Amino acid sequence: MDSILQKLIDIAAAEFQVDASTLSGASTPDDVRGWDSESQLRLVMATEDSFGVSFDIEDFEKITSLNALAAMVAQKRAVSR
Amino acid sequence: MSSPRPNITLLSSANWSVLVPGIAKSLSSHLGHEVQLSAPAFGQYRIMLADPGSELRSAGADYYIFAERCEDFVLPFETLDKDLAAAISERFEEYLQTIRAARAELKGIFLIHDLVAVRPYLATLRELSGQDSGIMSVLREMNIRLAALADELPDTVVVPVSFVVGEIGRQSADPAKYWLMGRVPFSRKFSEPYAKLLGGLLLARQGRTVRALALDLDNTLWGGVVGDDGIAGLQCGTDFPDNRFLVIQEFARALKRRGIVLTVISKNTEAVALEAIEKHLGMVVRKNELAGWSISWDPKPEGLRRIADELGLGEGSFLFLDDNPVERDEMRRSLPAVRVPELPADVSEWPAALFAEPYLAAIGLTKEDMGRARSYEIRRQIIEQSASKSRGEFLSSLEMTLSVAPQAETTARRVAQLFAKTNQFNTTAKRFGEGDLRALEDRGGDVLGVRLTDRFGSDEIIGALAVSYDTDARVAVIEGFVMSCRVLGRDVETGILSAVADRALARGMRELRGAIVPSERNQPCRMVFAQHGFHAAGDGNFILALAPNSIPWPRWFQKVPASKELSGQ
């Protein structure tokens with residue numbers, strides 16, 4: 001879980017154009033300046049590429065924080081194994 | 001001269017902003033400098049183009065990318081009956097008209113994406129092959145019209161995104177759910193190969209693509225080490241595994257036929273290596289196809305520098321191919337301007353690795369491109385021969401003709417190419433686009449092409465000038481003067497200036513002026529006006545008072561009769 005979150009933080013930092021040190025699992029769209037619907041779209045696309053998972057349209061509204069996203073990635077990876 | 005940080009605006013009905021940051025980053029890395037890539041609010045560009053007060057109109061980008069897609073005209077799963085086909089055709093024509101109208105209002109280079117189906121569709125096999133009317137035949141027709149528009153308008157190039165989709169596959173390029181969610185036009189996987197294609201296009205326009213290959217010998221052009229294995233021990237021939245090395249030789253020759261000059265840089269005893277090149281039965285590239293070589297035990301960067309000087313090319317004009325990662329690394333460290341791509345261990349896979357290499361990109365080829373390698377070979381022969389005769393005698397023996405005449409429709413592309421790509425012999429470093437040149441002619445100025453032939457069969461346009469005339473003040477101004485460095489040493493520039501002076505005098509001018517604007521690379525031309533009797537007026541401006549024979553015509557060039565307009569491809 002930790003390594004997934006760490007990787008997500010790096011991806012998010014690149015897509016939101018913020019320093020990775022300002023992000024954590026608790027980061028939400030409200031806290032992070034660069035996190036809008038467009039950059040979230042890019043974040044999800046990058047996450048799909050990076051982890052080889054696929055998000056459904058329903059999943060999108062559940063991405064309330066980076067922890068939530070990491071949990072979803074972990075769950076999807078478990079399912080696909 | 002394109003700005004250090006080119007401004008690229010992408011116009012589309014889809015939402016490219018999701019992909020823009022990735023494309024911009026990748027493009028910057030290919031070009032070696034930052035780019036500014038933006039896409040104004042999608043779907044609004046037509047309104048913005050039509051509004052003279054809009055930001056889009058006033059911002060003045062360097063490049064505009066018209067990025068409408070197949071799906072903007074043909075919705076997937078539509079039945080393409082006659083009525084629908086006609087409606088699509090009309091909608092497409094409106095798009096072309098928008099581009100045409102924009103061309104009249106905007107400066108900058110226009111890039112137009114071609115059309116390819118990316119979202120899933122239904123098609124019979126005969127529709128796929130185009131035998132029956134369907135999506136494929138509709139797309140083909142639209143792409144033909146699009147290409148015709150690009151040929152018609154100045155400074156307009158088609159970007160073949162269909163090639164990118166072909167490379168990665170429709171399924172990889174399909175944005176899938178992101179299309180439905182946010183009108184995202186392509187998947188993320190599309191971004192990198194697209195940026196590579198765009199990078200090559202921009203490099204080609206800027207004249208920054210390579211002009212020469214620097215090839216290693218051992219384990220690159222043949223298997224084995226000639227110093228150790230002897231000629232008989234080398235692997236090079238038509239049977240596997242020797243034919244792996246023929247792949248890269250054929251690749252090199254194909255590049256040569258497209259204007260890239262071949263050189264060899266090898267750590268070997270020169271006589272031994274040259275004998276192998278000449279004698280080995282399997283070799284395809286022979287010594288007479290090389291523009292130069294540096295075969296010694298010196299470090300390769302020194303060898304490359306030597307060849308670069310010999311050929312009058314900058315180090316950045318070379319692409320270095322060597323199987324040895326240590327040699328590649330040393331070249332990168334010592335001469336960072338040289339292009340050194342990373343290469344797989346298997347030589348036969350190099351053409352795949354170099355496929356769509358941006359520094360080998362070309363927008364189109366002219367006759368001059370295809371003859372370029374040969375003129376370097378000739379230049380080498382000229383240098384070798386000139387030692388034995390007096391200079392004037394020798395130059396006369398070349399039986400050269402020189403003509404300076406207004407560009408014709410057939411030569412306009414070559415002239416524009418010279419203005420766009422010449423960096424060294426370029427007096428003002430001003431990048432005249434096709435639009436600029438036409439505007440100059442409309443104002444009564446001359447766009448002149450310089451054609452040189454010699455007895456070896458060379459016949460090409462090797463220089464160009466943009467000259468304006470002020471009939472009130474009776475002053476002619478050379479706004480731009482470009483010439484290919486490979487014809488230096490023959491006093492071609494004297495002939496050119498002599499002809500330009502005569503033309504100006506015939507038009508009633510009293511003075512001929514020219515300016516030298518120093519740039520990073522135009523050292524070879526900085527003295528050209530001073531050396532021909534122009535008086536230095538300060539600030540890089542030079543003035544010549546015109547009189548008959550102010551600049552004598554060099555006797556070893558035969559003049560082409562003035563009535564003959566510049567013709568040829």
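Cut-off values and rules
- Residues numbered from 1 in each chain as written.
- Chains lettered and ligands numbered in written order.
- Predicted model: local features only at pLDDT ≥ 70, side-chain atom pairs only at ≥ 80, totals over all residues.
- Helix = DSSP H or I, 4+ residues; strand = E, 2+ residues; numbered from the N terminus.
- Rg over C-alpha atoms; globule rule 2.2 N^0.38 Å.
- Buried ≥ 20, exposed ≤ 12 C-beta atoms within 10 Å, placed from the backbone.
- Contact = placed C-beta atoms within 7 Å.
- Pairing = 2+ DSSP bridges.
- Axes fitted to C-alpha atoms, helices over the stretch in contact; angles between N-to-C directions.
- Domains from an automatic or database assignment.
- Parallel < 35°, antiparallel > 145°, perpendicular 65-115°, else oblique.
- Left-handed = near helix turned anticlockwise from the far one by under 90°.
- Nonpolar A, V, L, I, M, F, W, Y, C, P; charged D, E, K, R; others polar.
- Expected span 1.5 Å × (residues − 1).
- Core = buried A, V, L, I, M, F, W, Y, C linked by C-beta atoms within 7 Å.

**Focus: the overall build of chain A**
Alright, step 1. Helices and strands together make up the secondary structure of chain A, namely four helices and zero strands.
Alright, step 2. For chain A, the C-alpha radius of gyration of 11 Å lies close to 12 Å, the compact-globule estimate for 81 residues.
Alright, step 3. Projecting the C-alpha coordinates of chain A onto the three principal axes gives extents of approximately 35 × 25 × 20 Å.
Alright, step 4. Residue burial in chain A is summarised as follows: out of 81 residues, 22% are buried.
Alright, step 5. Here the contacts in chain A between residues at least 6 apart in sequence split such that 54% fall between residues at least 24 apart.

**Section: the sheet that holds strand β5 (residues 156–159) of chain B**
Residues and elements named next belong to chain B.
Alright, step 1. Read from one edge of the open sheet, five strands run β2-β1-β3-β4-β5, paired in parallel fashion. Bordering the open sheet on either side are β2 (36–38) and β5, each of which pairs with just one other strand. For this sheet the average axis-to-axis angle between neighbouring strands, irrespective of direction, equals 20 degrees.
Alright, step 2. Here four bridges tie strand β3 (residues 63–66) to strand β4 (residues 109–113), and the two strands are oriented parallel to one another. Across the sheet, tyrosine 64 pairs through a bridge with phenylalanine 110, a residue of β4.

**Observations regarding the interface of chain B and chain A**
Alright, step 1. At the interface, seven residues of chain B touch seven residues of chain A.
Alright, step 2. Counting residues per element, the side of chain B that touches chain A draws most heavily on helix α9 (residues 177–182) of chain B, at four residues.

**Some thoughts on the domain arrangement of chain B**
Alright, step 1. You can read the domains of chain B as domain 1 (7–206), domain 2 (212–360) and domain 3 (398–559).
Alright, step 2. Distance between the C-alpha centres of domain 2 of chain B and domain 3 of chain B: 37 Å.

**Thoughts on the sheet that holds strand β9 (residues 318–321) of chain B**
Residues and elements named next belong to chain B.
Alright, step 1. Sheet architecture is open: four strands sit in the order β8-β7-β6-β9, paired in parallel fashion. Pairing within the sheet leaves two strands with one partner each, and these edge strands are β8 (292–296) and β9. Averaged over neighbouring strand pairs, the angle between their axes works out to 15 degrees when direction is ignored.

**A look at the packing of helix α1 (residues 2–16) of chain A against helix α2 (residues 37–51) of chain A**
Relative orientation and spacing of two packed helices are given, respectively, by the angle between their axes and the distance between those axes.
Residue and element names in this part refer to chain A.
Alright, step 1. Where α1 meets α2, the closest approach of the two axes is 9 Å, and the angle between their N-to-C directions is 140 degrees. Looking at the two axes, α1 sits oblique to α2. Where α1 crosses over α2, the two elements pack in a sense that is right-handed. Note on element contacts: α2 touches α1 through Ser39, Arg42, Leu43, Ala46, Thr47 and Ser50, opposite Lys7, Leu8, Ile11, Ala12, Glu15 and Phe16.
Alright, step 2. Of the residues contributing to the contact of α1 with α2, the split by class is six nonpolar, three polar and three charged.

**Description of the environment of Trp297(B)**
All names here are of chain B.
Alright, step 1. By the secondary structure assignment, tryptophan 297 is in the loop between β8 and α14 (300–311).
Alright, step 2. Judged by the 10 C-beta atoms lying within 10 Å of it, tryptophan 297 falls in the exposed class.
Alright, step 3. Sequence separation of tryptophan 297 and proline 193 is 104 residues, and the distance between their C-alpha atoms is 39 Å.

**Examining the pairing of β8(B)**
Alright, step 1. Pairing of strand β7 (residues 261–267) of chain B with β8(B), which is carried by five bridges, proceeds in the parallel orientation. In the sheet register, Lys267(B) faces β8(B), and the bridge partner there is Ser296(B).

**Things to note about the pairing of strand β12 (residues 459–470) of chain B**
All names here are of chain B.
Alright, step 1. In this sheet, β12 lies alongside strand β11 (residues 446–453) in antiparallel orientation, the contact comprising eight bridges. Paired with glycine 449 across the bridge in β12 is alanine 464.
Alright, step 2. Linking β11 back to β12 in an antiparallel pair, the connection comprises five residues, with glycine 457 at a positive phi of about 100 degrees.
Alright, step 3. Note: β12 against strand β13 (residues 475–483), eight bridges, orientation antiparallel.

**Quick notes on helix α10 (residues 188–206) of chain B**
All names here are of chain B.
Alright, step 1. Taking 1.5 Å of rise per residue, the 19 residues of α10 would be expected to cover 27 Å, and the 27 Å separating its terminal C-alpha atoms lies within 8% of that figure.
Alright, step 2. Among the 19 residues of α10, 14 are classified as buried, and the element is accordingly described as predominantly covered.
Alright, step 3. Where α10 terminates, the next one or two residues include glycine 207, which has phi positive at roughly 70 degrees.

**Some points on unusual backbone geometry**
Residue and element names in this part refer to chain B.
Alright, step 1. Geometrically, the link from phenylalanine 240 to proline 241 is a cis peptide bond, its omega value of 0 degrees lying close to zero.
Alright, step 2. Within the secondary structure layout, proline 241 lies in the loop between α11 (226–229) and α12 (243–257).
Alright, step 3. For asparagine 219, which is not glycine, the phi torsion reads 60 degrees and is therefore positive.
Alright, step 4. Relative to the helices and strands, asparagine 219 resides in the loop between β6 (212–215) and α11.
Alright, step 5. The backbone of arginine 474 shows a phi angle near 60 degrees, a positive value even though the residue is not glycine.
Alright, step 6. Mapped onto the elements of the fold, arginine 474 is located in the loop between β12 and β13.

**Some details on the environment of Glu441(B)**
Alright, step 1. Tracing the backbone shows Glu441(B) in helix α20 (residues 434–442).
Alright, step 2. Here the alpha-carbon distance between Glu441(B) and Val467(B), two residues 26 residues apart in the chain, equals 9.0 Å.

**With respect to the nonpolar core**
Residue and element names in this part refer to chain B.
Alright, step 1. If you look at the biggest cluster of nonpolar residues, it comprises 112 residues, and the most contacted ones within it are Ile65, Ala212, Leu213, Ala214, Phe318 and Phe320.
Alright, step 2. Counting residues per element, this core draws most heavily on α10, at nine residues.
Alright, step 3. Mapped onto the domain boundaries, this core takes at least three residues apiece from domain 1 (7–206) and domain 2 (212–360).
Alright, step 4. If near-sequence neighbours (up to four positions away) are discounted, alanine 214 is found in contact with Thr263, Ile265, Leu304, Ile307, Phe318 and Phe320.
Alright, step 5. Among the nonpolar cores identified, the runner-up in size contains 47 residues, and Phe419, Val447, Ala499 and Leu512 belong to it.

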